[in-house]
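Structural overview for review
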Amino acid sequence: MTRERRPHAVAWWLWSAGLAIAALRTSNPLLLLLLAGVICVVTLALADRTGGPSPLGTFARVAAIIIVLRVVLQVIFGQRVPGHVLVSLPSLPMPSWAEGVSIGGPVTVEGLLSALSGGLRLAVVLLAFGAANSLASPREVLRSLPGVLHEIAVAVTVALCFAPEVLASVRRVRQARMLRGRPTTGIAGMRGIAVPVLEDALERSVQLAASMGARGFGRRPVVRSRARDRGAVALAIVGSLLVLAGGYGILAGSDVIPGAAWLAVLGVVAAAGGVLLSGRRAVRTRYRPAPFGWRSTVCALSGWATAALMAVAGILDPASVTWSPWPLSWPAVTPLALLAIVVGLVPIPVALRPSPRGSTRALVEVGA
Amino acid sequence: MIRFESVSFRYDATWILRHLNLEVAEGELVVVVGPTGSGKTTLLKMIDGLVPHFSGGEMLGDVVVDGRSIRDTPPTELASTVGYVGQDPAATFVTDRVEDEIAYAMENLGIEPSVMRRRVEDALDLMSLHELRDRQLATLSGGQRQRVAIAAVLAASPGILVLDEPTSALDPGAAEEVLASLTRLVHDVGLTVVLAEHRLERVLPFADRVVLLDGAGTVEVGEPGVVMASSSLAPPIIDLGRLAGWSPLPVTVRDARRRAGAVRAALDHAPVPTTLVGGTEVVAIADGLCASYGSTLALDGVDLEVRAGTITAVMGRNGSGKSTLLGCLAGINQPSCGVATVQGTTPTALSAKERIRRVGFVPQDASLLLYCQRVDQECATADEEHDLAPGTTSASVARLTGELDPARHPRDLSEGQRLALALGIVLAPAPRMVLLDEPTRGLDYEAKRALVAVLAELRDEGVAIVMATHDVELVAQVADHAVVLAQGEVIAQGPAREIVCHTPAFAPQVAKVLSPLPWLTVAEVAGALEGVR
């Protein structure tokens, strides 16, 4: 069977999720910066670059925009918090029914720092998502979904391929409009471009459906129970939604969703039940499935260990992971929190440098 | 293997196919020939059940494929028996990587992973794709996409392969490669192939039998030489055979050459045809033109001079920079270095309206230029946006193709009519230069003849024409100058006759048969023989 060349796509997404959770459990800007560093180092070292430029760059840009936006919003609309006043903006008096909103007013160092660390947290979560995207394409993750969710996975894959197609189509139509001297901007231009692009997209989807049909998509075994299939799919979907809700509840903390942990457990059971129920009907086989071996396990565990250690650090000593600018102080870093972050680096020695599967390139490298 | 039993089919009031009876045996390569709209695609899609299951329409009779009637078998169930590759392979890709795309059908069919692995390797080798296996599909050229699409259906090892215009988007070399692979499969593993193609000169030599649809519902089936004898749609080699009175008619260059001794001897004493030399006025100049997309260089220092009253053909492999060159001349691509000037000014610096008056451009997909719901609206808006007297555009269109039904939707026109409509709109403001990108794609011989006549007429009026094309027969018929591009550089430039005669890949059939004599078309040969007598 295939040897495990590099960690499984799902392992990478689990690792990234772990780091994102760790970021959500802390508000300490130093820890957040360290986490961002770990994410970038691992991605730059291990991302597969055969598919063009890594998406991490794009995500990093968006993350930076988020931080800036958060600070700007704080300056203009933010809550007027006490502290050292940096500069005082002219403020707009609000009517009594809009008391919660304030525009302008004094800008404090504390307010800025708090906005900065809040923005940083969001940015790190986004960066973790970007890392997941660069380390393993979402399509690979979809490919490894259990058979019962296959139809949904295909729909998402087609949608993912569709976006670049639409962009190409927009470019073609724009060029053609330029050739006839038609407007390509403004409302008239948008309408003139949208209609042919939509027509193109519709035609394309009809062709795609025909092609998928002609290539055996949706083929069913001769004997099977339709009701059972539907039950399995329904169970898997409901299970996944429960896991999602439970997960959100756990992450958001306290009592946003009561019994979040139980909800998540119930979800896992339901989803597993759905997969088991449908297990025997699988007519589909999978081409070169990537094995989930020890490397993958270690990678996934490393991400989750980061999250767990961060949580433990928070429980043992809340001050070590939380930070607030009141009073102004340098954020402290405890050994346990530092350990949590360093654990996130484990994939570097474990995962091998990527090489295209079954590739000629690996042979060339060996030969050279 | 495939049996059509008195099949009739229609979408609306008119029957496209009428009482079609046809039997295709295992291991046969059958070419379906017919003018646009004669039901070729419908016939092909029936073999896979896509018609009527995906198309609707009314069908009488039955098609039996490998013992199963398509009436009760949906395309999904036929997937292991029939592989279908449509006109636009890119529109049928489901995944994003070459290897995954090839494995897709087998995954659906539930084929054992070990078998699947082997078959993917086989398919990669058969279509010489092993170097592209990890590539993203979006980064492939047209020819590569076509090969991936064929590999993707071949991997599921169907007994029948159905291809709709498999070579229309390919350069002559790539087309030959694809057809050679198909022939090998037919000979080695007994694959049954049914394909439709307008460019008969490319596929006829490989055909065992030809199915000729005349568009009125009647069908003729037989050996290529026999069926072609009475057909109005015929490649140059058949026309040459008719002219020389050969019987049976040869379909391959090799057969024709062996009989052409007498013709060659007669032509030896005839005066060599001379190419018309166009006007002296230079309409457009490209000077050291470069252009790039991201990190790939599409044009690399191209020098070109276009004179009034000449037709210049730009040839070269898929992806050699032909379309980019036209785009630069038309002012829609910004060159990264060098200059393109049209009548002394840079086209990118002009306003859209001024540009349109100097240079007209018909892109590869002519329908992109059309966006109204009716033909007459299309002409009226064109008048308006070009500040022309009402009726100018419709007169310009009518000159090219005769009156079009003003109430038709442009999308419902035939390929040839749509091209004529787009060309008519582009020509209405009377530009001094017209650029055409792959104008004969999807045109049948009738429409091509009409296009050739129009181009010759425009040339005589002093319009400079530049066309990017893979169609060597078109070049042979109308081009005065030829430019060959490779990797964005000009590798050959000069009188079209010289260029095509000296480059085997671009030589038209007549030139191949009569080589080393420099005659390019049947009409020229007929004229010369007339003179000798």
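Residues numbered from 1 in each chain as written. Chains lettered and ligands numbered in written order. Predicted model: local features only at pLDDT ≥ 70, side-chain atom pairs only at ≥ 80, totals over all residues.

Structural notes on the overall build of chain A
What counts, and what does not: Secondary structure elements follow DSSP: runs of H or I of four or more residues count as helices, runs of E of two or more count as strands, with numbering from the N terminus. Contact between two residues is assigned when their C-beta atoms, built from the backbone, lie within 7 Å.
Summing up its helical and strand segments, chain A has 14 helices and two strands in all. Contacts spanning at least 24 positions in sequence make up 77% of the contacts within chain A whose residues lie at least 6 apart.

Considerations on the overall build of chain B
For clarity, the cut-off: Between the two quantities, the radius of gyration covers C-alpha atoms and the globule rule is 2.2 Å times the number of residues to the power 0.38. The burial label depends on the number of other C-beta atoms within 10 Å of a residue's C-beta. Counts of 20 or more mean buried, 12 or fewer mean exposed, and intermediate counts mean partly exposed, with C-beta atoms placed from the backbone.
Helix and strand content of chain B: 22 helices and 19 strands. Over its C-alpha trace chain B gives a radius of gyration of 24 Å, about what one expects of a compact globule, namely 24 Å for 533 residues. The principal-axis extents of the C-alpha atoms in chain B amount to approximately 65 × 55 × 50 Å. The proportion of buried residues among the 533 residues of chain B is 53%. A sequence separation of at least 24 residues applies to 69% of the contacts in chain B between residues at least 6 apart.

Let's talk about the nonpolar core
For the record, the criterion: A set of buried Ala, Val, Leu, Ile, Met, Phe, Trp, Tyr and Cys residues, joined through C-beta atoms within 7 Å, is what we mean by a nonpolar core.
In terms of nonpolar packing, the biggest core is built from 187 residues, with B:V32, B:A151, B:A155, B:L329 and B:V500 touching the most fellow members. Per-element tally for this core: the top contributor is helix α17 (residues 415–427) of chain B, with eight residues. Beyond its immediate chain neighbours, meaning those up to four positions away, B:A151 contacts B:I102, B:A123, B:L124, B:L126, B:M127 and B:L129. Core analysis: the next-biggest nonpolar cluster, separate from the first, contains 48 residues, A:A20, A:I21, A:A23 and A:L32 among them.

Quick look at unusual backbone geometry
Residue A:P327 is reached from A:W326 by a cis peptide bond, and omega for that bond is -10 degrees. Assignment of secondary structure puts A:P327 in the loop between α11 (318–321) and α12 (335–343). A cis amide bond, omega -5 degrees, links B:S247 with the succeeding residue B:P248. Tracing the chain through its elements places B:P248 in the loop between α10 (236–244) and α11 (253–259). Even without being glycine, B:Q487 reaches a positive phi, approximately 50 degrees. Tracing the chain through its elements places B:Q487 in the loop between β18 (481–486) and β19 (489–495). The partly exposed category is assigned to B:Q487, around which 14 C-beta atoms lie within 10 Å.

Section: the confidence of the model for chain B
Inclusion rule: pLDDT is a per-residue confidence score from the predictor, ranging from 0 to 100.
Here chain B averages 88 in pLDDT, while 99% of its residues score no lower than 70. For this predicted complex, the interface confidence reaches an ipTM of 0.83, while the overall pTM sits at 0.80.

Comments concerning the domain arrangement of chain B
Residue and element names in this part refer to chain B. Heads up, the condition is: Where each domain begins and ends follows an automated or database-derived domain assignment.
Taken domain by domain, chain B holds domain 1 (2–230) and domain 2 (282–486). Computed from C-alpha coordinates alone, the two centres of domain 1 and domain 2 are separated by 32 Å. Each side of the interface is counted separately: domain 1 has 15 residues, and domain 2 has 15 residues. Looking at the side of domain 1 that touches domain 2, the elements with two or more residues in it are α6 (142–154) and α7 (172–189).

Observations concerning the sheet that holds strand β12 (residues 296–307) of chain B
All names here are of chain B. To keep things clear, this is the line we draw: Here a strand pair is declared whenever DSSP counts at least two bridges between the two strands. Note on method: axes are straight lines fitted to C-alpha atoms, helices fitted across the in-contact stretch only, with angles between N-to-C directions ranging 0 to 180 degrees.
In space, the three strands of this open sheet follow the order β12-β11-β14, with antiparallel pairing throughout. Two strands lie at the open edges of the sheet, namely β12 and β14 (337–342), each paired on one side alone. Shown here is a sheet whose adjacent strand axes are inclined to one another by a mean of 15 degrees, direction ignored. One ladder, built from five bridges, connects strand β11 (residues 282–293) with β14; its direction is antiparallel.

Some thoughts on α10(B)
Residue and element names in this part refer to chain B. Summarising burial for α10: seven of the nine residues are buried, a large majority. Residues P236, I237, I238, D239, L240, G241 and A244 constitute the buried set of α10. Residue G245 follows α10 closely and has a positive phi angle near 75 degrees.

A short note on the sheet that holds β18(B)
Hydrogen bonds between backbone atoms are what pair the strands of a sheet, whose relative direction is either parallel or antiparallel. Residues and elements named next belong to chain B. The strand order across the open sheet formed by six strands is β15-β16-β17-β13-β18-β19, and the pairing between neighbours is mixed. At either margin of the open sheet sits one strand with a lone partner, and together these are β15 (359–362) and β19. Along the sheet, successive strands turn relative to each other by an average axial angle of 15 degrees, direction set aside. Direction of pairing for β15 relative to strand β16 (residues 433–437): parallel, over a ladder of four bridges. If you follow F361 over to β16, its bridge partner there is L435. Seen against the sheet, α17 touches β15 and β16 and runs at an angle of roughly 165 degrees to β15. Contacting β13 (311–316), β16 and β17 (464–468), helix α18 (residues 445–460) crosses the sheet at an angle of about 145 degrees to β17.

A short note on helix α22 (residues 522–532) of chain B
Residues and elements named next belong to chain B. Rule in force here: This arc corresponds to the set of directions leading from the helix axis out to the C-beta atoms.
Looking only at α22, the buried set comprises V522, E524 and V525. Taken end-on, α22 shows its buried residues confined to a sector of 155 degrees, consistent with a single buried face. Away from its buried face, by an angle of more than 90 degrees, α22 presents the exposed residues E530 and G531. Tucked inside the fold, the buried residues of α22 contact α10, α12 (261–268) and α21 (509–514).

What about the interface of chain B and chain A?
Keep this limit in mind: Side-chain classes are defined by residue name, with Ala, Val, Leu, Ile, Met, Phe, Trp, Tyr, Cys and Pro counting as nonpolar, Asp, Glu, Lys and Arg as charged, and the others, Gly among them, as polar.
The partner chain A presents 40 residues to the 43 residues of chain B that form the contact. Within the residue set of the side of chain B that touches chain A, elements represented by two or more residues are α3 (75–78), α4 (98–109), α5 (113–126) and α14 (352–358) of chain B. Sort the elements by how many residues they give to the side of chain B that touches chain A and α4(B) lands first, with eight residues. Residue composition of the side of chain B that touches chain A, grouped by class: 26 nonpolar, seven polar and ten charged.

Topic: the packing of α4(B) against α5(B)
Residues and elements named next belong to chain B. Formally: These descriptions rest on fixed angle ranges, namely under 35 degrees for roughly parallel, over 145 for roughly antiparallel, 65 to 115 for roughly perpendicular, and the rest for oblique. Left-handed is the label given to a crossing in which the near helix is rotated counterclockwise from the far helix by less than a right angle, and right-handed is the label when the rotation is clockwise.
Where α4 meets α5, the closest approach of the two axes is 10 Å, and the angle between their N-to-C directions is 125 degrees. Accordingly, the angle class assigned to the pair α4 and α5 is oblique. α4 and α5 meet at a crossing whose hand is right-handed. Facing α4, whose interface residues are E99, I102, A103 and M106, α5 presents M116, R119, V120, A123 and L124. When the residues that make up the contact of α4 with α5 are grouped by side-chain class, the tally is seven nonpolar, no polar and two charged.

What to know about the packing of α4(B) against α6(B)
Residues and elements named next belong to chain B. Close contact between α4 and α6 brings their axes to 7 Å; oriented N to C, the two are set at 35 degrees. Considering the relative orientation of α4 and α6, their crossing is right-handed. Contact residues: V98, E101, I102, Y104 and A105 in α4; V148, A151, A152 and V153 in α6. Residue composition of the contact of α4 with α6, grouped by class: eight nonpolar, no polar and one charged.

Focus: the domain arrangement of chain A
Residues and elements named next belong to chain A. With domains assigned, chain A is organised as domain 1 (1–137 + 292–368), domain 2 (145–219) and domain 3 (224–288). Of the residues lining the interface, six residues belong to domain 2; the matching set on domain 3 comes to nine residues. Grouping the amino acids of the side of domain 2 that touches domain 3 by side-chain chemistry returns three nonpolar, two polar and one charged.

Re the confidence of the model for chain A
On average, residues of chain A score 82 in pLDDT, and 88% of them reach the 70 mark or higher. Considering only residues more than four positions removed or in separate chains, one finds that residues 356–368 of chain A, a stretch of pLDDT under 50, has seven contacts.

Section: the pairing of strand β2 (residues 15–24) of chain B
Residue and element names in this part refer to chain B. Relative to β2, strand β1 (residues 2–10) runs antiparallel, the two sharing six bridges. The partner of I2 across the bridge, within β2, is V24. With antiparallel pairing between neighbouring strands as the criterion, β1 and β2 make up a hairpin whose turn holds four residues.

Brief notes about the environment of B:H130
Residues and elements named next belong to chain B. As for its position among the elements, H130 is in the loop between α5 and α6. Look at H130 and you get partly exposed, because 14 C-beta atoms sit within 10 Å. On a C-alpha basis, the gap between H130 and P166 in space is 20 Å, while along the polypeptide they are 36 residues apart. Residue contacts for H130: discarding those within four places in its chain leaves L124 and D125.

A look at the environment of A:P29
The topology assignment puts A:P29 in helix α2 (residues 29–46). Setting aside residues up to four positions removed in sequence, A:P29 forms contacts with A:L116, A:S117, A:L120, A:W323 and A:P331.

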